[in-house]
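# Residue-level structural notes
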Amino acid sequence: MQHIAFIGLGNMGAPMARNLVAAGFHVSVFDLAPAAVTALVDAGATAAASASSAVQNADAVITMLPANQHVQQLYLDQGGILDRAKTGALLIDCSTISAEVARQVAQAAGERGFAMLDAPVSGGTAGAAAGTLTFIVGGPEAALQRARPLLEKMGKNIFHAGEAGAGQVAKICNNMLLGILMAGTAEALNLGVAHGLDPKVLSDIMAKSSGRNWTLEVYNPWPGVMETAPASRNYSGGFGTALMLKDLGLAQQSALAVNAPTPLGGLVRQLYQMHAQAGYGTQDFSSIVQLLRPGQDG
Ligand code: NAD
């Protein structure tokens with residue numbers, strides 16, 4: 001498997017595709033944003049004029065798109081991936097979407113003779129750049145075995161969650177928890193700072209105490225505390241508030257589908273809804289801390 005088509009070169013897709021190029025694969029790339037394609041061509045990829053021309057000779061297709069509708073359109077529309085991909089190509093969707101749509105697209109792919117995996121990721125843009133992502137995979141074991149040589153070039157941990165859609169269920173559970181942890185960390189930091197504490201000192205204390213969590217360790221939401229975190233570059237790049245809001249909505253939909261109580265997930269979705277409406281949709285999701293301290297930038 002040498003020729004890969006990679007579609008969707010945003011905050012996550014670009015560094016993932018770059019790692020495949022660096023590993024020696026022939027990577028055909030497409031994104032609606034021409035600048036994203038140019039940046040990958042500079043890194044050694046081949047530009048395609050459309051998604052369908054990117055996939056036509058590829059042994060495997062990887063997509064990294066924002067949400068349900070983008071995945072449905074790209075795979076299922078007339079002239080889309082299922083119409084144009086090479087016979088026997090392996091299809092891997094790494095976007096975070098609903099389990100229902102993942103199953104719908106996988107079923108349509110299966111009817112056309114393609115093996116397909118839902119393989120959403122965790123690890124953020126830093127993990128994508130470093131090639132240390134966690135892949136959370138749903139779909140047939142045999143397809144996962146074929147995918148491993150590719151996934152291993154982009155990630156460090158590969159989990160098989162179950163059949164088609166199971167990767168998305170696990171990913172949504174994770175991101176609901178992440179949203180809760182980020183909002184809780186922001187709230188605790190804001191409380192401490194309101195009492196005059198230094199946010200860096202408070203972060204160091206909690207990171208070594210029982211409140212320890214990923215947001216404190218690698219993604220601190222308070223500006224200036226962690227040089228590498230989006231908070232220290234005006235919340236640019238990273239994982240957009242609108243994408244977190246999408247994931248929290250997916251969590252609520254999947255909770256309704258099985259009557260599972262998710263009170264904190266529901267509350268944090270509301271917080272992210274208000275935050276997006278306040279104009280933070282394109283900024284990193286750690287900017288939720290600004291909801292608690294309006295008017296105090298940076
Ligand atoms: P992004 O918005 O930065 O990038 C999405 C890219 O897809 C854009 O460049 C856009 O132009 C492109 N695109 C949209 N429709 C297209 C189409 N029809 N054809 C070609 N290109 C198209 O998003 P991202 O942050 O890279 O996230 C992508 C997915 O990964 C989302 O589902 C997100 O929830 C998930 N995710 C993101 C992160 C993160 O930290 N950013 C982490 C884990 C998972």
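Anything mentioned here points back to the structure above.
What this report covers is the structure whose coordinates are included nearby. (Residues numbered from 1 in each chain as written. Predicted model: local features only at pLDDT ≥ 70, side-chain atom pairs only at ≥ 80, totals over all residues. Heavy atoms only, no water.)

## Examining the site of the ligand
- Neighbouring the ligand are 24 residues; Asn11, Met12, Asp31, Pro66 and Lys246 lie closest to it.
- Between the ligand and Thr96, the relevant distance is 3.0 Å, taken from an oxygen atom to a main-chain nitrogen or oxygen of the residue.
- At a separation of 2.8 Å, an oxygen atom of the ligand approaches a polar side-chain atom of Lys246.
- A total of 840 Å² of accessible area belongs to the ligand in isolation, and the protein chains cover 86% of it.
- If you list the elements that add at least two residues to the shell around the ligand, you get helix 4 (68-76), helix 7 (124-130) and helix 12 (241-258).
- Here the shell around the ligand is composed, by residue class, of 12 nonpolar, nine polar and three charged.
- Three or more residues apiece are contributed to the shell around the ligand by two domains, here domain 1 (3-162) and domain 2 (169-292). (Near = heavy atom within 4 Å. Polar contact = N/O pair within 3.5 Å; in protein donor to acceptor, adjacent residues only side chain to side chain. Areas by Shrake-Rupley, 256 points an atom, 1.4 Å probe, with all protein chains shown as cover. Helix = DSSP H or I, 4+ residues; strand = E, 2+ residues; numbered from the N terminus. Nonpolar A, V, L, I, M, F, W, Y, C, P; charged D, E, K, R; others polar. Domains from an automatic or database assignment.)

## A short note on the nonpolar core
- One finds Phe6, Met16, Ile92 and Phe135 to be the most contacted residues of the largest nonpolar core, which totals 36 residues.
- Contributing elements (two or more residues each) for this core: strand 1 (3-7), helix 1 (13-22), strand 2 (26-30), helix 2 (34-42), strand 4 (60-63), strand 5 (90-93), strand 8 (133-138) and helix 8 (141-154).
- If you tally residues by element for this core, the top one is helix 8, at six residues.
- When residues no more than four places from it in sequence are discounted, the contact partners of Met16 are Phe6, Met64, Cys94, Val121, Ala128, Leu133, Phe135 and Met154.
- With 28 residues, the next largest nonpolar core counts Leu178, Met182, Leu202 and Phe285 among its residues. (Core = buried A, V, L, I, M, F, W, Y, C linked by side-chain atoms within 4.5 Å. Buried < 20%, exposed > 50% of the residue type's maximum accessible area, 1.4 Å probe, protein only. Contact = heavy atoms within 4.5 Å.)

## Describing unusual backbone geometry
- In this structure, Tyr235 takes a positive phi of about 60 degrees despite not being glycine.
- Here Tyr235 falls in the buried class, since its relative accessible area comes to 4%.
- One non-glycine residue, Asn259, adopts positive backbone phi at about 55 degrees.
- Looking at the element boundaries, Asn259 is found in the loop between helix 12 and helix 13 (263-280).

## With respect to the packing of aromatic side chains
- Applying the stated criterion across every chain yields a total of three aromatic pairs.
- A ring pair is formed by Trp214 and Tyr219, whose centres lie 5.0 Å apart and whose planes are at 25 degrees; its orientation type is stacked.
- The class for Tyr219 is buried, based on a relative accessible area of 8%.
- A ring pair is formed by Tyr219 and Phe285, whose centres lie 5.4 Å apart and whose planes are at 45 degrees; its orientation type is tilted. Placement of the pair is Tyr219 in the loop between helix 11 (214-218) and helix 12 and Phe285 in the loop between helix 13 and helix 14 (289-292), with a sequence separation of 66 residues.
- Through successive ring pairs, a cluster of aromatic residues spans Trp214, Tyr219, Phe239 and Phe285. (Phe/Tyr/Trp six-rings, centres within 6.5 Å; stacked < 30°, edge-to-face > 60°.)

## Comments concerning the packing of helix 9 (residues 166-194) against helix 12
- In the contact formed by helix 9 and helix 12, the axes pass within 9 Å of each other and the chain directions differ by 120 degrees. Taken as axis vectors, helix 9 and helix 12 run oblique relative to one another. Between helix 9 and helix 12 lies a crossing of left-handed hand. Contact residues: helix 9 offers Ile172, Asn175, Met176, Leu178 and Gly179, while helix 12 offers Met244, Asp247, Leu248, Leu250, Ala251, Gln252 and Ser254.
- Classifying every residue of the contact of helix 9 with helix 12 by side-chain character gives seven nonpolar, four polar and one charged. (Axes fitted to C-alpha atoms, helices over the stretch in contact; angles between N-to-C directions. Parallel < 35°, antiparallel > 145°, perpendicular 65-115°, else oblique. Left-handed = near helix turned anticlockwise from the far one by under 90°.)

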